[in-house]
Amino acid sequence: MPQSILKIALDVPLDKLFDYLDGGFDVATGQRVLVTFGRRRQIGLVVAKAAESDVPANKLRAIEHAYLDEPVVDSQVFRLLRFCADYYQYPFGQALLSSLPARLRQTEPAVSRRQFAYTLTASATLEAIPGRKVVQRRVFSALAEHGELNETAMAAISAGWRKAVQEMLSAGLVQAREVPAGLRTEARHSAEPELNPDQTRSIEAVTGNPAGFKTWLLHGITGSGKTEVYIRLIAQFLKDNAGQVLVLVPEINLTPQLEARFRSRLPQLPLVSLHSNLNEGERLQNWRLAQSGMARIVIGTRLSVFTPLPDLRLVIVDEEHDASYKQQDGMRYHARDIALVRAQHSDIPIVLGSATPALETWHNARTGKYEVLALTNRAVAKAALPQIRCIDTTRNMLHEGLSDILVDAMRERLARGEQSLLFINRRGYAPVLLCSACYWIAPCMRCSARLVVHLRQGRLRCHHCGHEQKIPPACPSCGNTDLHPTGHGTQRLEQTLAALMPEARILRVDRDSMQRKNALNEMLAAVHADEIDILVGTQMLAKGHDFPNLTLVGVIDTDSALFSPDFRAAERLFSQLMQVAGRAGRADKPGEVLIQTAFPDHVLFNALREQDYPAFANTLLQERELMQFPPHSYIALLKAEANDYALVQRFLRFAADTAHGLGEKVTVYDPVRSQMERLKGMERGQLMMQANSRQPLQRLLRHLVARLREHPLNVKIRWAVDVDPLEF
Ligand code: ADP
Ligand code: ZN
Ligand code: ZN
């Protein structure tokens with residue numbers, strides 16, 4: 001029989017499939033295979049089969065192995081990644097392979113341990129077992145007594161149980177049933193709160209809607225009961241003992257809490273999580289459980305949007321506005337956007353949840369593309385909204401970055417045994433080291449950035465490339481020994497507070513202090529046990545955590561974001577401040593938020609004081625329309641970097657000329673240096689392209705990328721296309 005041709009996706013930077021002969025293996029599409037490509041063996045995925053190939057017969061190679069006993073990757077996932085490859089201008093094979101758990105990309109066989117439970121067959125009798133087979137007889141009696149036993153129970157019978165059971169399986173005395181390892185179901189069932197009218201209305205809207213694709217925006221501030229709505233929706237959608245739900249969360253740190261809450265409320269539904277804190281074995285196991293349909297709820301960070309889910313019924317994207325959903329290297333996809341595409345492909349509803357939806361999302365809600373479900377109050381009746389006030393820093397002197405008003409407010413909390421949180425978006429001791437004589441500022445040699453002072457370690461660090469050096473004893477420029485750490489970071493604030501309130505128990509929460517595995521959990525436990533009076537931290541603190549005894553939030557030094565050249569800065573700041581404000585007064589104690597700013601009358605703060613996201617969003621949308629920024633236009637960036645900027649410039653110039661020549665309705669700007677001109681020793685530039693609709697931009701990019709891949713500089717330059725970029 002002639003061998004058939006397999007069209008195989010490989011992890012190589014070429015946007016094509018590769019033809020191989022099947023080598024006599026009875027391969028299905030979606031199967032993993034081992035091939036030699038060039039001189040290297042690698043893993044591929046069979047995307048299609050064909051009768052013929054354009055490759056001459058004598059050049060065609062056969063695959064070396066097919067992993068026939070593994071389940072195949074389903075066509076839904078192929079379709080989704082095909083869409084991504086086209087939309088983000090990324091090679092399909094790379095997109096596909098990089099969506100798999102690492103174990104499945106390695107050429108060693110990916111054994112995930114499978115677990116079984118055993119029962120006796122109907123025809124099994126003790127007489128069928130020879131008297132000298134002691135272990136088999138013991139197994140028989142145990143199964144006769146207990147019905148079904150899992151591997152742990154078997155191991156308790158005898159160390160030699162595996163061999164015995166193997167023989168009994170062959171003899172038809174015992175049958176095995178696979179039980180998913182890693183799938184826990186919970187015995188504990190926590191109580192259901194009675195839904196408030198907003199929640200009831202939201203749930204009924206989604207469940208009462210005819211089946212099919214539809215996008216819902218669940219808009220409600222922190223504590224308004226969004227998670228409760230997710231839980232009820234999941235229960236509804238999975239109630240017929242079938243179906244799966246995918247829940248995306250922006251950050252690994254948020255998965256354990258959500259996981260625990262889902263498990264205790266939905267104990268009968270097997271749940272797995274997928275994120276990068278899992279080791280490779282766990283990741284593979286959980287992925288397989290999702291793929292097999294055994295896991296009914298999958299909670300994961302952005303990459304899990306590509307998990308095979310054969311019976312997907314509902315997608316939920318929590319904190320849909322969060323920038324962590326955007327992948328910043330490789331294929332620069334946005335997991336929320338891909339989740340929308342996936343829901344559309346599967347023809348099922350999707351719920352986006354947020355207190356401060358992304359402007360793109362808000363725009364779609366206003367134009368009727370999405371339907372809004374609003375939760376207007378905090379779910380716990382007594383938990384009122386916090387009072388938000390600005391402290392005018394032009395009228396109130398700051399000492400070490402702190403106003404008296406804020407310090408007094410913290411002292412009050414301390415006296416009452418309540419907790420305070422100070423939010424500052426800068427880790428380290430001070431953002432710059434300044435020479436008081438010649439104003440030299442310690443720079444990073446590899447980046448266009450300043451080195452941050454980490455005083456306790458006596459070091460300067462670049463927060464962009466990780467470069468580190470000792471704090472110099474004197475100014476390298478003029479020799480002056482009077483070098484000043486200038487500005488404020490978390491470490492300095494911690495030190496200042498310790499001096500002001502020696503009796504207070506202070507905890508700093510930032511990337512430096514939370515490096516240890518488990519540090520964050522210990523922090524949360526300490527706060528809940530009331531072992532902490534004051535938290536000082538970065539946005540790490542802002543997200544999702546619930547601190548019932550916290551009644552004051554102080555916000556320090558956010559003014560730079562008000563006037564940032566990044567057109568998304570204000571949107572981001574608003575959402576960040578709403579989020580930290582949400583930390584205050586969650587339980588029955590009223591909360592207060594104090595914001596130190598030189599611009600207390602800024603529209604952003606006015607909207608924040610009223611907690612009026614719609615008003616602020618509508619103002620920003622008007623600005624965006626005026627400026628023709630997204631969502632009123634579509635942007636793609638060609639980002640390029642090399643050791644030598646002249647090369648980058650030549651490459652980008654060629655790209656710009658080519659793009660112009662394609663005659664699409666797309667504005668092609670001149671190449672410019674990136675905002676961060678140098679990063680990790682590479683000189684960077686970019687080309688911006690903008691259009692009023694997606695199609696011309698997509699057509700242009702497709703042709704442009706094909707030309708760039710053939711350009712002689714292609715090999716000397718690192719370049720990437722960023723469609724719908726969040727960073728410029
Ligand atoms: P969000 O996800 O919007 O932050 P949650 O769903 O976590 O809000 O709800 C905030 C708090 O209110 C939680 O402690 C939750 O258990 C509680 N809660 C939610 N809905 C209700 C309700 N209808 N009645 C009473 N408590 C509720
Ligand atoms: Zn100097
Ligand atoms: Zn650097």
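Going by the structure above, here's the rest.
Since the model is a prediction, treat every value here as computed from it, not as a measurement.

A. Structural view of the packing of aromatic side chains. With the rule as written, the count across this model stands at twelve aromatic pairs. Plain terms: the ring middles of Tyr 87 and Tyr 88 are 4.9 Å apart, the flat faces sit at 90 degrees to each other, and that makes the pair edge-to-face. On the accessibility criterion, Tyr 88 (3% relative accessible area) is buried. On the basis of an interplanar angle of 25 degrees and a centroid distance of 4.6 Å, the ring pair of Phe 574 and Phe 616 is categorised as stacked. With Phe 574 in helix 16 (residues 569-581) and Phe 616 in helix 18 (residues 613-627), this pair connects stretches of sequence that are 42 residues apart. Both residues of the pair, Phe 574 and Phe 616, belong to the buried class. Among the aromatic residues, those joined into a ring-pair cluster are Trp 362, Phe 574, Tyr 613 and Phe 616. In this structure, Arg 32 packs its charged tip against the face of Tyr 67, placed 4.3 Å from the ring centre. Looking at Arg 673, its charged tip hangs above the ring of Tyr 645, at a distance of 4.0 Å from the centre.

B. Structural context of helix 14 (residues 519-528). Every buried residue of helix 14 is listed here: Ala 519, Leu 520, Met 523, Leu 524, Ala 526 and Val 527. For helix 14, the arc enclosing every buried residue in end-on projection is 160 degrees, short of the 170-degree limit, so these residues lie on one face. Contacts from the buried residues of helix 14 go to strand 19 (419-423), strand 25 (506-509) and strand 26 (534-537). Just downstream of helix 14, Asp 530 is the residue with a positive phi angle, here 60 degrees.

C. Representation of the coordination of the zinc ion (ligand 2). Taken together, the protein ligands of the zinc ion (ligand 2) are Cys 435 (SG), Cys 438 (SG), Cys 475 (SG) and Cys 478 (SG), with distances of 2.2 to 2.4 Å. For the zinc ion (ligand 2), the four donor atoms in the first shell make angles of 105 to 112 degrees at the metal, a pattern classed as tetrahedral. Going along the chain, you hit the donors of the zinc ion (ligand 2) in the pattern C-x2-C-x36-C-x2-C. Placement of Cys 438 in the loop between strand 20 (432-435) and strand 21 (452-454) and of Cys 475 in the loop between strand 23 (468-470) and strand 24 (483-486) is noted, with a sequence separation of 37 residues between them. Among the residues examined, Cys 475 registers a relative accessible area of 3% and is labelled buried.

The rules behind these values
- Residues numbered from 1 in each chain as written.
- Chains lettered and ligands numbered in written order.
- Predicted model: local features only at pLDDT ≥ 70, side-chain atom pairs only at ≥ 80, totals over all residues.
- Heavy atoms only, no water.
- Phe/Tyr/Trp six-rings, centres within 6.5 Å; stacked < 30°, edge-to-face > 60°.
- Buried < 20%, exposed > 50% of the residue type's maximum accessible area, 1.4 Å probe, protein only.
- Helix = DSSP H or I, 4+ residues; strand = E, 2+ residues; numbered from the N terminus.
- Lys NZ or Arg CZ within 6 Å of the ring centre and 35° of its normal.
- Arc of directions from axis to C-beta.
- Contact = heavy atoms within 4.5 Å.
- Donors = N, O, S within 2.8 Å, 3.2 Å for Na, K, Ca; no water.
- Tetrahedral: all angles 85-135°; square planar, octahedral: opposite > 155°, others 65-115°.

All quantities given are derived from atomic positions and should not be read as evidence of function.
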